[in-house]
Amino acid sequence: MAHDPATRRLRPPTTEAPFARYALMAIAFLFLALFLLLPLAAVFIEAFRKGAGEFLAAFGDPDTIAAIRLTLLVAAIAVPLNLVFGVAAAWAIAKFEFKGKAFLTTLIDLPFSVSPVISGLVYVLLFGSGSLLGPWLRSYGIEILFAVPGIVLATVFVTFPFVARELIPLMQEQGNGDEEAALSLGASGWQTFRHVTLPNIKWGLLYGVLLCNARAMGEFGAVSVVSGHIRGLTNTMPLHVEILYNEYNFVAAFAVASLLAALALVTLLVKTLLEFHYGAEIAAGRKH
Amino acid sequence: MNGFSASSPRWRLKTPSVLPGFGLTLGFSLAYLTLIILIPLSGLVWRTASLSAPEFLAILADPRTLNALKISFGTALAAALINVVFGCVVTWVIVRYDFPGRRIVDALVDLPFALPTAVAGISLAALYAPNGWIGHILGLAGIKAAFNPTGIVIALVFIGLPFVVRTVQPVMEELDREVEEAAATLGANRLQTIGRILLPGLAPAILTGFALSFARGVGEYGSVIFIAGNIPYVSEIAPLLIVIRLEEFNYAAATAIATIMLCISFAMLLVINLIQTWSRRRYGHGA
């Protein structure tokens, strides 16, 4: 269409000359290829560099299996916790007007502006050997730091805002009308939430959980600080990738990394499908 | 442009509502927020406050700390500037042009949000290292793109790109075409229209995207450490120095560096917020 001389002469005033258009597209595609597409492709190419056999062999390592299991366990605890918090916070913030609401919303976003390393550091300060809490808990045989609870806490910290942040603008947009109608018709509070609110927010909720889960399984900095890097015990998948890479075991490192990259791709795919089919329902809040 | 919700203009602790569950949900949210975020963060503040001023200044004046901070903020600034330029081009192409696979390109922009940072780190290192695909080509041109500050910038460009695109995109989509038509009928050429009509309207969003990309870059750890080479005084970032100090059980130094980083980041976000408020008032555009 753009090559057609007739349209070129009648080019609308709100677009660029074809030459400029192609140049901009070339710049954009080259930039995206260099910085996004190639790094993604490299993960899979490096993983299969020595064939499928070597790739699969990486998953026979018991330490790798332990890392996968730990990552799944951590996500299975952290995501539901933040899911419950996200729904509760969104209900309070979106459905009611109260003093300090803006401040509370800012506080919820706080973990996004804190470096992952600092997110881990705060738990080291709280539960480390120099703290009050750490030695006291240890005297009861409870280990937080360099153990699974610390990893879960750091993961909860960094994934804290994801669900709430998706739901708050969405529920604000939807207003209280549906819930008020249900209540006036005699539904209980729980019934109203279960049968009226939940169906309204389910796609936005899924969207938030998806992003929360991707970050929970992939978190590196915060978890690295609190984990202690004990192979087979406190190594999550991203930490295991680092260890394998630093041991020059590149095929195994990229094999484990490819699993995480596949998770990222599935996340992006489901996210895109959700936006495509339920865009109006979930994107409401993103254009504020 | 959205309608205002018909909420009561009166302000008490809580405006009366027929909906139940306010106490329960707010109480739970506050308790959880306090336990997970506020107590741990206040531990950092408390720990810093327990350092004496000379101690704190000695840590800050340590050339290794100063260099790490300089490298972190400098590379994050460079990466955010690169992202503003190319992010705007990418956004423009996605919003304004129609081409096959537009939706895929749009989805791909979110990759840095979804891909674990460690995975991005080893992949970028493999690509841009002197023996990698891109690093090899750049090496022929005499450019060393890994194991130096350039490598850090490359990693931060990857991490920060979606912040710029996703902030600018919604504003660009809502740009009023009639204004562009008016500019054209009044004799402005395309470049003038973009530079003097569109850009001022996009400025607050671009600034927000820049700030988000910059803030993320300053704190970034996982994707950087593999490609940076981590040479003290040359390519050692501040978050890595925190980790090193922690591994030496030097909690005082780790805490001090963390506090400085947080303070500078918050100060910059505050300044950018003020600029934004000013520019919103001037141009009447929200971001």
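Note that the structure is predicted; figures quoted are calculated from it, not measured.

**Details of the overall build of chain A**
Looking only at helices and strands, chain A features 14 helices and zero strands. Of the regular secondary structure in chain A, the N- to C-terminal order runs α-α-α-α-α-α-α-α-α-α-α-α-α-α. For the C-alpha atoms alone, the extent of chain A along its principal axes is close to 80 × 65 × 30 Å. The buried share among the 288 residues of chain A stands at 52%. Considering only residue pairs separated by 6 or more positions, chain A has 70% of its internal contacts joining residues 24 or more positions apart. By element, 68% of the accessible surface of chain A is carried by carbon and sulfur atoms, the whole surface being about 12600 Å². Across chain A, the mean location of the 19 positive side-chain charges is 6 Å away from that of the 19 negative side-chain charges.

**Overview of the side chain of S119 of chain A**
Residue and element names in this part refer to chain A. Structurally, the position occupied by S119 is in helix 6 (residues 116–127). Here S119 falls in the buried class, since its relative accessible area comes to 1%. Filtering out sequence-adjacent residues up to four positions away, S119 remains in contact with V114, F157, V158 and A222.

**Here we look at the pattern of salt bridges**
Using the criterion set out here, one finds 20 salt bridges over all chains in the structure. Of the charged contacts, one joins D109 of chain A and R165 of chain A as a salt bridge, the two residues approaching to 2.6 Å between their closest N and O atoms. One end of the pair, D109 of chain A, is in helix 5 (residues 101–109); the other, R165 of chain A, is in helix 9 (residues 161–174), with 56 residues separating them in the sequence. When its relative accessible area of 27% is taken as the criterion, D109 of chain A is described as partly exposed. Looking at R165 of chain A, the relative accessible area reads 39%, which means it is partly exposed. Two residues, D110 of chain B and K271 of chain A, come together in a salt bridge whose shortest N-O distance is 2.3 Å. Note that D110 of chain B is positioned in the loop between helix 4 (102–108) and helix 5 (111–114) and K271 of chain A in helix 14 (residues 250–282), a pairing that runs across two chains. Accessibility classification places D110 of chain B together with K271 of chain A in one group, the buried group. In this structure, a network of salt bridges that share partners links the residues K271 and E275 of chain A together with D106, D110 and R166 of chain B.

**Things to note about the packing of helix 13 (residues 237–246) of chain A against helix 6 (residues 117–128) of chain B**
The contact between helix 13 of chain A and helix 6 of chain B brings their axes to 9 Å, and the two run at 30°. In this view, helix 13 of chain A runs roughly parallel relative to helix 6 of chain B, as classed from their interaxial angle. Residues P238, V241 and Y245 of chain A of helix 13 of chain A pack against A118, I122, A125 and A126 of chain B of helix 6 of chain B. The class makeup of the residues in the contact of helix 13 of chain A with helix 6 of chain B is seven nonpolar, no polar and no charged.

**Comments concerning the environment of Q174 of chain A**
Residues and elements named next belong to chain A. Locating Q174 in the fold gives a position in helix 9. On the basis of relative accessibility, which here comes to 31%, the residue Q174 falls in the partly exposed class. Placed 79 residues apart in sequence, Q174 and K95 show a C-alpha to C-alpha distance of 9.5 Å.

**Side note on the interface of chain A and chain B**
Counting residues at the interface gives 86 residues for chain A, matched by 91 residues for chain B. A buried area of about 8100 Å², summed over both sides, lies between chain A and chain B, and 79% of it is on carbon and sulfur atoms. For R190 of chain B, the salt bridge is made with E16 of chain A, and the minimal N-O distance between the two is 2.8 Å. Linking chain A to chain B there are 12 residue pairs in polar contact (both at pLDDT 80 or more).

**Comments concerning the packing of helix 8 (residues 148–159) of chain A against helix 1 (residues 22–49) of chain B**
In contact at an axis separation of 11 Å, helix 8 of chain A and helix 1 of chain B are set at 100° when each is read in the N-to-C sense. On the basis of their axis angle, the class for helix 8 of chain A and helix 1 of chain B is roughly perpendicular. Contacts from L153, V156 and F157 of chain A in helix 8 of chain A reach Y32, I36, I37 and L41 of chain B in helix 1 of chain B. Residue composition of the contact of helix 8 of chain A with helix 1 of chain B, grouped by class: seven nonpolar, no polar and no charged.

**Details of the packing of aromatic side chains**
Tallying each qualifying case throughout the model produces 28 aromatic pairs over all chains. Seen from their ring centres, F220 of chain A and F226 of chain B are 6.1 Å apart, and the 45° between their planes marks the pair as tilted. Of this pair, F220 of chain A sits in the loop between helix 11 (189–218) and helix 12 (221–227) while F226 of chain B is found in helix 11 (residues 225–228), placing the two residues in two different chains. By relative accessible area, which is 0% here, F220 of chain A ends up buried. Residue class for F226 of chain B comes out buried when judged on its relative accessible area of 7%.

**Observations concerning the confidence of the model for chain B**
Residue and element names in this part refer to chain B. Of the residues in chain B, 94% have a pLDDT of 70 or more, and the chain-wide mean is 89. pLDDT under 50 marks residues 1–6. Its contacts with residues more than four places away, or in other chains, come to one contact. Reported confidences for the modelled complex are a pTM of 0.90 and an ipTM of 0.89.

Parameters at a glance
Residues numbered from 1 in each chain as written. Chains lettered and ligands numbered in written order. Predicted model: local features only at pLDDT ≥ 70, side-chain atom pairs only at ≥ 80, totals over all residues. Heavy atoms only, no water. Helix = DSSP H or I, 4+ residues; strand = E, 2+ residues; numbered from the N terminus. Buried < 20%, exposed > 50% of the residue type's maximum accessible area, 1.4 Å probe, protein only. Contact = heavy atoms within 4.5 Å. Areas by Shrake-Rupley, 256 points an atom, 1.4 Å probe, with all protein chains shown as cover. Lys, Arg positive; Asp, Glu negative; His and termini not counted. Charge placed at Lys NZ, Arg CZ, Asp CG, Glu CD. Salt bridge = Lys/Arg side-chain N within 4 Å of Asp/Glu carboxyl O. Axes fitted to C-alpha atoms, helices over the stretch in contact; angles between N-to-C directions. Parallel < 35°, antiparallel > 145°, perpendicular 65-115°, else oblique. Nonpolar A, V, L, I, M, F, W, Y, C, P; charged D, E, K, R; others polar. Buried area = accessible area lost by both parts, 1.4 Å probe. Polar contact = N/O pair within 3.5 Å; in protein donor to acceptor, adjacent residues only side chain to side chain. Phe/Tyr/Trp six-rings, centres within 6.5 Å; stacked < 30°, edge-to-face > 60°. pLDDT = per-residue confidence, 0-100.

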